[in-house]
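As a plain string of letters, each chain reads:
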Amino acid sequence: MTIDSAQQYPVLYSFRRCPYAMRARMALYQAGVQCEVVEVELKAKPTTMLALSPKGSVPVLQLPSGEVLDESLDIMRWALTQNDPAHWLSSSAITQSLIDENDTDFKSNLDRYKYPQRFPGGNSLTARDQGFDFLCKLQAQLSGNDYLLGSQVSFVDIAIFPFIRQFANTDVQWFTAQDLPGVQRWLDSLVNSVLFKTVMEKNRSYLL
Ligand SMILES: N[C@@H](CCC(=O)N[C@@H](CS)C(=O)NCC(=O)O)C(=O)O
């Protein structure tokens, strides 16, 4: 499929392997918002992107109106506000607290576990243990449910699983040996979903 050049589409500055960009791409794709995707090299960010968002993180979404969204959760919410065919925006009391914990403590432990060389003096196994506590919290949610809020995928699953995937992939043997059957099943189902596979395709210069 090619983009119709007569029409102006939102432009998404993205990095394929970034978990924040993954969740933004999934929400845009789910909402059916067609975008032009600019794959960014984090070591050589385009000046056009930095002019829109000087903080220099991906994802960044530039809307045809000129409005710029440079936080992945804002991009997800914006996309699903346009169109939310499977009601991902329905939430429960735990939605925000799980996302907050994921984006702060868990992400910090993920980085310390996955990139120990970036944290001299840090202990990657302590970080793994602390990350494991969050996985146990997810396991409690997933013991009788396919997804975090019940039988259907929602915003919180999509916002969190790219980070759990990175944590799991850091040492697959360790992850599969843990007693986390709900988390393992949940992650497997999301990673193998058509949605995730589609937004992870290489050299994808458009969404939809
Ligand atoms: N809070 C931001 C965080 C985005 C973020 O940290 N993205 C990373 C890539 S995974 C980034 O662009 N880092 C800047 C860099 O590496 O130069 C969001 O949710 O969009």
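These numbers were taken from a predicted model, which means no experiment stands behind them.

Conventions adopted
Residues numbered from 1 in each chain as written. Predicted model: local features only at pLDDT ≥ 70, side-chain atom pairs only at ≥ 80, totals over all residues. Helix = DSSP H or I, 4+ residues; strand = E, 2+ residues; numbered from the N terminus. Expected span 1.5 Å × (residues − 1). Buried ≥ 20, exposed ≤ 12 C-beta atoms within 10 Å, placed from the backbone. Arc of directions from axis to C-beta. Contact = placed C-beta atoms within 7 Å. Axes fitted to C-alpha atoms, helices over the stretch in contact; angles between N-to-C directions. Parallel < 35°, antiparallel > 145°, perpendicular 65-115°, else oblique. Left-handed = near helix turned anticlockwise from the far one by under 90°. Nonpolar A, V, L, I, M, F, W, Y, C, P; charged D, E, K, R; others polar. Core = buried A, V, L, I, M, F, W, Y, C linked by C-beta atoms within 7 Å. Domains from an automatic or database assignment.

**A word on helix α5 (residues 124-142)**
Then, in step 1: The end-to-end C-alpha separation of α5 is 26 Å, in line with the 27 Å expected for 19 residues at 1.5 Å each.
Then, in step 2: Those residues of α5 that sit buried are Ala 127, Arg 128, Gly 131, Phe 134, Leu 135, Leu 138, Gln 141 and Leu 142. Within α5, the buried residues cover an arc of 120 degrees as seen down the axis, which keeps them to one side. Counted as exposed and oriented over 90 degrees from the buried face of α5: Leu 125, Thr 126, Asp 129, Asp 133, Cys 136 and Ala 140.
Then, in step 3: Where α5 is buried, its residues touch α4 (94-114), α6 (155-170) and α8 (181-191).

**Details of the packing of helix α1 (residues 19-31) against α6**
Then, in step 1: With their axes 8 Å apart at the nearest point, α1 and α6 run at an angle of 140 degrees to one another. If you check the angle between α1 and α6, you find them oblique. The two elements α1 and α6 meet at a crossing, and its hand is right-handed. Residues Pro 19, Met 22, Arg 23, Met 26 and Ala 27 of α1 pack against Ile 158, Ala 159, Pro 162, Phe 163 and Gln 166 of α6.
Then, in step 2: Considered class by class, the residues forming the contact of α1 with α6 number 8 nonpolar, 1 polar and 1 charged.

**Some details on unusual backbone geometry**
Then, in step 1: Here Val 58 and Pro 59 are connected by a cis peptide whose omega angle stands at 5 degrees.
Then, in step 2: By the element assignment, Pro 59 lies in the loop between α2 (47-52) and β3 (60-62).
Then, in step 3: Phi is positive for His 87, which is not a glycine, with a value near 55 degrees.
Then, in step 4: Following the sequence through the fold, His 87 ends up in the loop between α3 (72-82) and α4.
Then, in step 5: Even without being a glycine, Asn 203 presents a positive backbone phi close to 55 degrees.

**Describing the nonpolar core**
Then, in step 1: With 56 residues, the main nonpolar core has Ala 27, Leu 28 and Ala 79 as its most contacted residues.
Then, in step 2: Shared between two domains, this core takes at least three residues from each, and those domains are domain 1 (11-87 + 195-207) and domain 2 (94-193).
Then, in step 3: In this structure Ala 79 touches Ala 27, Leu 28, Ala 31 and Val 33, once residues within four positions along its chain are discounted.

**Regarding the domain arrangement of the protein chain**
Then, in step 1: What the domain assignment lists for the protein chain is domain 1 (11-87 + 195-207) and domain 2 (94-193).
Then, in step 2: The C-alpha-based centres of domain 1 and domain 2 are spaced at 22 Å.
Then, in step 3: Taken residue by residue, the interface counts 11 residues in domain 1 and 11 residues in domain 2.
Then, in step 4: Elements with a minimum of two residues in the side of domain 1 that touches domain 2: α1, α3 and α9 (194-199).
Then, in step 5: Broken down by element, the side of domain 1 that touches domain 2 gets its largest block of residues, 5 residues, from α1.
Then, in step 6: Across the side of domain 1 that touches domain 2, the residue classes break down as 9 nonpolar, no polar and 2 charged.

**So, the packing of α5 against α8**
Then, in step 1: Contact pair α5 / α8: the axes reach a minimum separation of 7 Å and the direction vectors enclose 85 degrees. Taken together, the axis directions place α5 and α8 in an arrangement best described as roughly perpendicular. Seen from α5, the contacting residues are Leu 135, Leu 138, Gln 139 and Leu 142; seen from α8, they are Gly 182, Val 183 and Trp 186.
Then, in step 2: Considered class by class, the residues forming the contact of α5 with α8 number 5 nonpolar, 2 polar and no charged.

**A few points about the environment of Tyr 20**
Then, in step 1: Tracing the sequence through the fold places Tyr 20 in helix α1.
Then, in step 2: Residue Tyr 20 is classed as buried on the basis of its 22 C-beta neighbours within 10 Å.
Then, in step 3: C-alpha of Tyr 20 to C-alpha of Ile 99: the two residues are 79 residues apart in sequence and 12 Å apart in space.
Then, in step 4: Sequence-distant contacts of Tyr 20, that is, excluding residues within four places in its chain, are made with Val 58, Pro 59 and Ser 72.

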